[in-house]
Amino acid sequence: MFTLVGVPMGWMLGALTFVLCWKAWSGRTLELPRWIYNLALMTLSYGMGLSFTMDSLRYIAGQIHVLMLATILMILIGLAAAAMVARGSPISAESSVLGSMPGGVVQMVELSGEIRGAEPTVVAVMQMCRFLAVIFIVPFAVTHFLAGGAVSEAVLHHVQTMPGNAASPASFAVLAFLPISAFLAARFKVPTPWMIGPLATTIVFVAGGWEFPRPTAEMLSVTQILLGTGLALGFSLELLREVFRFLHWILLGIGTTLALTAVLAYFVSLGASLDPVTAFLALSPGGIAEMGATALTVDADVPTVTAYHLFRLLFILLVCPHLLKWGFGLWTKRKERNISGRDMEE
């Protein structure tokens, strides 16, 4: 149903909605073996890694200072929105921060299971609300208010279903390194190893000139179904009902993020000599395909939009998990010391 109405990630959202409804109506649950879910994570990471060509990496290297500053400011915007949500609602600070990160939906939900105080259900709901809001609001705002016109469905289809690369038999053999890299990442306690390991491995080989087959549309659809099912099975229906009681706070946080993003885009357009449309699309907390399609339609600078999104995605997937776990660890220890100090005074 989601796919028929043109919503990106329709198979994932459809599976997630179906399993949640089935759990609510039947009072029963399903089981998805962990290895199948890990395989879906690995496939998703592989598909993302294929976007990191040497050309995109060269551009990122030349604009590293601007990209880094913009990425850090976007994360700070997410933290500001998270602070507002956490202060005004019963959502914990940990869940609010992970739910407000501008990107990495599945990765943030996975990470929430590794941070004490974070609720995966709350994080998933916040991320999905942000994901859907950005998909609908940003292309509409850019095409109808900043540039005029509408996004062509043909362009969207072209961007989301690009033809695969020709691959040699050796390339298929190299794919065996993907699960090995996941096991190694797990061995060294890397956060969400079944995403980080295959993603890093794919980036290294693609940047080195290797050509790999792109996942087929059918494979990506199955991957979305498995991810949506796995996310739904991890949801607590009781907690989900509680989350919807303060959904207005989540939506307010998303609106704040988009408003601050527009302000930041204005200043980035001045400092980096970008037109406002390109700057707004480059900084918007949405997906590469959707923002790239909009950039094509409104004649924005597509390589710049893509580079900003690729850099932010790489930073959030590879760096943010470590920073967040470290930061929350320090914060938890500080709270425990404060509580211990008050108990001793009493």
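These numbers were taken from a predicted model, which means no experiment stands behind them. (Residues numbered from 1 in each chain as written. Predicted model: local features only at pLDDT ≥ 70, side-chain atom pairs only at ≥ 80, totals over all residues. Heavy atoms only, no water.)

> Whenever I open this one, the overall build of the protein chain confuses me. Can you help?
Helix and strand counts for the protein chain come out as 18 helices and zero strands. For the protein chain, the proportion of its 346 residues judged to be buried stands at 47%. Considering only contacts in the protein chain between residues 6 or more positions apart, those separated by 24 or more positions represent 76%. Of the roughly 17,100 Å² of accessible surface on the protein chain, a fraction of 68% belongs to carbon and sulfur atoms. (Helix = DSSP H or I, 4+ residues; strand = E, 2+ residues; numbered from the N terminus. Buried < 20%, exposed > 50% of the residue type's maximum accessible area, 1.4 Å probe, protein only. Contact = heavy atoms within 4.5 Å. Areas by Shrake-Rupley, 256 points an atom, 1.4 Å probe, with all protein chains shown as cover.)

> I'm lost on helix α11 (residues 193-207) in this one. Help?
Since the α-helix turns once every 3.6 residues, residues separated by three or four places project in the same direction. For α11, which comprises 15 residues, the first-to-last C-alpha distance of 21 Å matches the rise-based estimate of 21 Å (1.5 Å per residue) to within 8%. Most of α11 sits out of view: twelve of its 15 residues are buried. Restricting attention to buried positions, one finds in α11 the residues P193, W194, M195, I196, G197, P198, L199, T201, T202, I203, V206 and A207. Positive phi appears at G209, one or two residues downstream of α11, with a value of about 100°. (Expected span 1.5 Å × (residues − 1).)

> Is there a simple way to think about the packing of α11 against helix α17 (residues 302-318) in this case?
Geometry of a packed helix pair, given as the angle between the helix axes and the separation of the axes. The interhelical angle for the contact between α11 and α17, taken along N-to-C directions, is 140°, at an axis separation of 10 Å. Between α11 and α17, the interaxial angle falls into the category oblique. Remark: the crossing between α11 and α17 carries left-handed chirality. Every residue of α17 that contacts α11 at M195, I196, L199 and I203 is listed here: L314, L317 and L318. Its residues placed into classes, the contact of α11 with α17 shows seven nonpolar, no polar and no charged. (Axes fitted to C-alpha atoms, helices over the stretch in contact; angles between N-to-C directions. Parallel < 35°, antiparallel > 145°, perpendicular 65-115°, else oblique. Left-handed = near helix turned anticlockwise from the far one by under 90°. Nonpolar A, V, L, I, M, F, W, Y, C, P; charged D, E, K, R; others polar.)

> How do you make sense of unusual backbone geometry when you look at a structure like this?
For residues that are not glycine, phi is negative in most cases, and the peptide bond is trans in most cases. Positive phi is not limited to glycine here, since S273 has a value of about 55°. Judged by relative accessible area, S273 falls into the exposed class, the value being 68%.

> What is the right way to read a nonpolar patch on the surface from this model?
On the surface, L69, I72, L73, L76 and L79 cluster together to form a nonpolar patch covering roughly 400 Å² of accessible area. Assignment of secondary structure puts I72 in helix α4 (residues 64-88). (Patch = residues over 30% accessible without salt bridge, like charges linked within 9 Å, V, L, I, M, F, W, Y side chains within 5 Å. Salt bridge = Lys/Arg side-chain N within 4 Å of Asp/Glu carboxyl O.)

> Could you clarify how one ought to interpret helix α5 (residues 93-100) in this entry?
Within α5, seven of the eight residues are buried, which leaves it mostly tucked inside the rest of the structure. Those residues of α5 that fall on the buried side of the exposure criterion are E94, S95, S96, V97, L98, G99 and S100.

> Is there a simple way to explain the environment of Y266 in this structure?
By secondary structure assignment, the location of Y266 is in helix α14 (residues 247-271). When the C-alpha atoms of Y266 and P276 are compared, they prove to be 6.1 Å apart, with ten residues separating the residues in sequence.

> Before we go on, may I ask you to explain the side chain of T202 in this structure?
Here T202 is to be found in helix α11. On the basis of relative accessibility, which here comes to 2%, the residue T202 falls in the buried class. At 2.7 Å, the side chain of T202 forms a polar contact with the backbone oxygen of P198. With residues up to four places along the chain from it excluded, the contact list for T202 reads Y46, G49, L50 and L178. (Polar contact = N/O pair within 3.5 Å; in protein donor to acceptor, adjacent residues only side chain to side chain.)

> Would you take a moment to explain the confidence of the model for the protein chain for this structure?
Low-confidence regions, as indicated by low pLDDT, have predicted coordinates that should not be scrutinised in detail. Here the protein chain averages 78 in pLDDT, while 79% of its residues score no lower than 70. Mean pLDDT in the protein chain bottoms out at helix α8 (residues 153-160), which sits at 42, and peaks at helix α10 (residues 177-187), which reaches 91. Low confidence marks residues 149-165, where pLDDT is under 50. Its contacts with residues over four positions away, or in another chain, come to 28 contacts. (pLDDT = per-residue confidence, 0-100.)

> Can you help me understand the packing of aromatic side chains in this one?
Aromatic rings in a pair are described by how distant their centres are and how their planes are angled relative to each other. All chains considered together, the criterion is met by eight aromatic pairs. Ring centres of W210 and F212 lie 6.4 Å apart, and the angle between their planes is 20°; this geometry places the pair in the stacked category. Here Y266 and F267 contribute two aromatic rings whose centre-to-centre distance is 5.4 Å and whose plane-to-plane angle is 75°, an arrangement assigned as edge-to-face. Classification of F267 as exposed rests on a relative accessible area of 51%. (Phe/Tyr/Trp six-rings, centres within 6.5 Å; stacked < 30°, edge-to-face > 60°.)

> I'm lost on the environment of W331 in this one. Help?
Within the fold, W331 resides in helix α18 (residues 320-345). Once residues lying within four places of it in the same chain are set aside, the contact partners of W331 are A93 and E94.

> It is not clear to me how the environment of F246 should be interpreted in this structure. Could you clarify?
Tracing the backbone through its elements, the reader meets F246 in the loop between α13 (237-245) and α14. The residues touching F246, leaving out its near neighbours within four places in the chain, are S89, P90 and I91.

> Even after reading the chapter, I still don't get the packing of helix α2 (residues 34-49) against α11, so can you show me in this structure?
The N-to-C vectors of α2 and α11 enclose an angle of 30°; their axes lie 8 Å apart at closest approach. Regarding the angle of α2 to α11, the classification is roughly parallel. Relative to α11, the crossing made by α2 is right-handed. Between α2, through N38, L41, M42, L44, S45, Y46, M48 and G49, and α11, the contact on the second element is made entirely by W194, M195, P198, L199, T202, I203 and V206. Split into classes, the residues belonging to the contact of α2 with α11 amount to eleven nonpolar, four polar and no charged.

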